[in-house]
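Residue-level listing of the chains:
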Amino acid sequence: MGTPLGETAIDNALADLAAGEKTWAATPLRRRRALLDEIHARTGRFAEDWVRAACVVKDLDEHSALVGEEWMSGPLTLLQATAALSATMAALETGRSPLAGITLRDAPGGRLAVPAFPFGVYDRLLLNGFRGEVWLRPGVDADSARRRAGLAQLDPTATGGIGAVLGAGNITSIPPLDALYELFAHNRVVALKLNPITDPLFTVFEMVFEPLLELGALRILTGGAREGGYLVRHPDVAHVHMTGSAQTHDAIVWGAGAEGEERKKDNRPLLDKPITSELGGVSPTIVVPGDWSDADLRYQAEHVATQRLHNGGYNCVAAQALVIASEWDRKDDFLAELRLAMERAPQRTAYYPGSDARVADALAAYPDAERLGAGRVLVDGLPRTGSPLLRTEYFSPVLGVVELPYSGGEFLQRAVDFANAELTGTLGANVIAHPATMRRLGVAFDRAIERLRYGAIAVNTWTGLAFLAPRAAWGAFPGHTVDDVQSGIGVVHNALLLDDVERTVVHGPFRPVPRSLLGGEFALSPKPPWFVGNATAATTGRRLTEFYADANPARLPGVFLSALRG
């Protein structure tokens, strides 16, 4: 575990990075790719240490199926990211665009869609029935997209100074992924300050990133708000990136309390340098009415419970507002199944600081709310405007239900209007719809997805999949500013190093196999291993990590066997 650093230690780390920037500028693309491959190998070697430390942070029993979350959102995610970035660097070093050989398609509204997954034969096997793509901003043509892909690596000698990265405290792959994006997308050497919650991972991260530490392109720091404030305002730091809440962002940019409010009002920021950010918000899940079977109700109820309860509810993109049609003849059945799914989900420690207080705030605001298991709250019958739950990210296992008095295609269009206008934040939105309903709505369904102003949109899957996919882009819908930051500014991940990103759109099967095949969907995926009720998630997560570490096809039967038992 790292020791909190004083100002002198931070000064010394930044001096190391100033020297390391020169070394990084002189590092050719081939060597940069080799560094990624070394980090990939070390991630596989230290994956078990990583997961063990994460279990300490989150107080998880080592035998719990929930440990699967730590395998999949920890080392597995970094393994996929380093492999994808390495492939991008391999293209660039031979003078090719990262998009060379990739078929781009037209997306609604004059946009261009770049496929993010499945990417290769193993993706097609392991993500059968799932697909995702990155939509570029309207007006970007294919030639421009191919020419600009590569970002700062198109001129690797033109470095951008020192970037300070303030790591997140919830998902353990966020700090490493954000550091890599600073280094490769923006060509900035990185001072990564961990959130104190993740200090037990300090040694693991140092072991994984030893090649970059030795090169002088990365320094990993610890400490609290005081150390973070000193770091981001240091004159040697050129840029700041953070993951967290809009409140933390504003405290950094404007200052805390009443003084910060006055500074914001007068446009007198404390932070005199650019900042990008990935922040949370109130993420919706829109349930489109349709002809659902009882099995559909149970499966999708567990799906929504997962969107709220994964990682204990401490995800920036956790679903907080369920939007449902009051006229749907299966509404009450679905909500009954949702209550059961939330009650039956494995119990776990409320590890994230302030969770109990935020749950208490929700209960105070909604005295008729239902308690479903330890610390879990369901608020039914929310008003459609002005409700605290629609404007406050609770970052805890609190889920609200909003009913809209419409049906069919009108419901979907009104639900999109509601999400865009009434909910704080633009990070992620989920839409669940029966395949027959989607076919019946046709272009109207596509138009609804286009009108959702969110950086990640998931259709019949969870936006968390967009986070996990390395070639997807992750961040808020573009257009926010430091004085109205919402869910943040800029994107991360984006291993194809695409310019002009607007959003990521991912699709999944409405049903797991074999019901997917019986219902006419060509999808061979079982219940996803990230579902909170997946009994074999820990085994599947470990086996997936082992596979992505060495790409040994002999490991695949074990992966499939575990996944099918989930």
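An account of the accompanying structure is given in this report. This is a predicted model, so every value here is computed, not measured. The residue numbering used here restarts from 1 in each chain and proceeds along that chain's sequence as written. Where local features are concerned, this predicted model is filtered to residues with pLDDT of at least 70; where side-chain atom pairs are given and counted, the filter is 80 or more; whole-chain, interface and lining totals use all residues. The side-chain values count all of the structure's non-hydrogen atoms but skip hydrogen atoms and water molecules.

**Some details on the pairing of strand β10 (residues 319-325)**
Regular strands have side chains that alternate between both faces of the sheet.
Reasoning step 1: With 7 of 7 residues buried, β10 lies mostly within the body of the structure.
Reasoning step 2: Strands pair, by our definition, only if DSSP identifies at least two bridges between them. The helix and strand labels rest on DSSP assignments: H or I over at least four residues marks a helix, E over at least two residues marks a strand, and numbering proceeds from the N terminus. Bridge count between strand β9 (residues 283-287) and β10: 4 bridges; the pairing is parallel. When the bridges of β10 are listed, T285 appears paired with L322.
Reasoning step 3: Considered for its hand, the β-α-β crossover made up of β9, helix α14 (residues 294-309) and β10 is right-handed.
Reasoning step 4: Bridge count between β10 and strand β13 (residues 398-404): 5 bridges; the pairing is parallel. The residue bridging I324 from the neighbouring strand is E403, located in β13. Only protein chains enter the calculation, and the probe is 1.4 Å; a residue is then buried if its accessible area is under 20% of its type maximum, exposed if over 50%, and partly exposed in between. Every crossover in which the path from the first strand over the helix to the second runs clockwise, viewed with the strands pointing away from the viewer, is termed right-handed.

**Describing empty space enclosed by the protein**
Reasoning step 1: A cavity here means a set of points on a 1 Å grid, drawn over the protein atoms and nothing else, where a 1.4 Å probe fits but cannot get out; a pocket is an open set with protein on both sides within 12 Å along at least five of seven lines, and a residue lines either one if it has an atom within 4 Å of a point. Grid points are joined across faces, edges and corners, and a volume is the space filled by probe spheres set on the points. Inspection of the entire model under this criterion finds 5 cavities of 30 Å³ or more.
Reasoning step 2: Within this model, the largest cavity holds a volume of roughly 200 Å³.
Reasoning step 3: Every residue lining the largest cavity is counted, 18 residues in all, and those nearest its centre are I171, N315, W462, G464 and F467.
Reasoning step 4: Elements with a contribution of two residues or more to the lining of the largest cavity: α4 (67-73) and α21 (464-468).
Reasoning step 5: Counting residues per element, the lining of the largest cavity draws most heavily on α21, at 4 residues.
Reasoning step 6: Here the term charged refers only to Asp, Glu, Lys and Arg, the term nonpolar to Ala, Val, Leu, Ile, Met, Phe, Trp, Tyr, Cys and Pro, and the term polar to all other amino acids, Gly among them. Considering only residue class, the lining of the largest cavity consists of 11 nonpolar, 5 polar and 2 charged.
Reasoning step 7: Contributing to the lining of the second largest cavity are T77, A81, L85, L177, L180, Y181, F467, L468, A469, P470 and H493.
Reasoning step 8: Those elements giving two or more residues to the lining of the second largest cavity turn out to be α5 (75-93), α8 (174-185) and α21.
Reasoning step 9: By residue class, the composition of the lining of the second largest cavity is 9 nonpolar, 2 polar and no charged.

**Observations concerning the sheet that holds β9**
Reasoning step 1: Spatially, 11 strands are ordered β1-β2-β3-β19-β15-β14-β9-β10-β13-β12-β11 in an open sheet, and the strand pairing comes out mixed. Edge positions in the sheet fall to β1 (105-107) and β11 (370-371), since each has one partner strand and no second.
Reasoning step 2: Pairing analysis gives 6 bridges linking strand β3 (residues 131-136) to strand β19 (residues 501-507), with the strands arranged antiparallel. Note on β19: the bridge partner recorded for V134 is T504.
Reasoning step 3: Note on contacts: a residue pair qualifies if any of its non-hydrogen atoms lie within 4.5 Å across the two residues. Structural elements are reduced to axes, namely lines fitted to C-alpha atoms, with helices fitted over the stretch in contact, and the angle between N-to-C directions of any two is expressed from 0 to 180 degrees. The sheet strands contacting α14 are β9, β10, β13 and β14 (428-432), and the helix crosses β14 at an angle near 175°.

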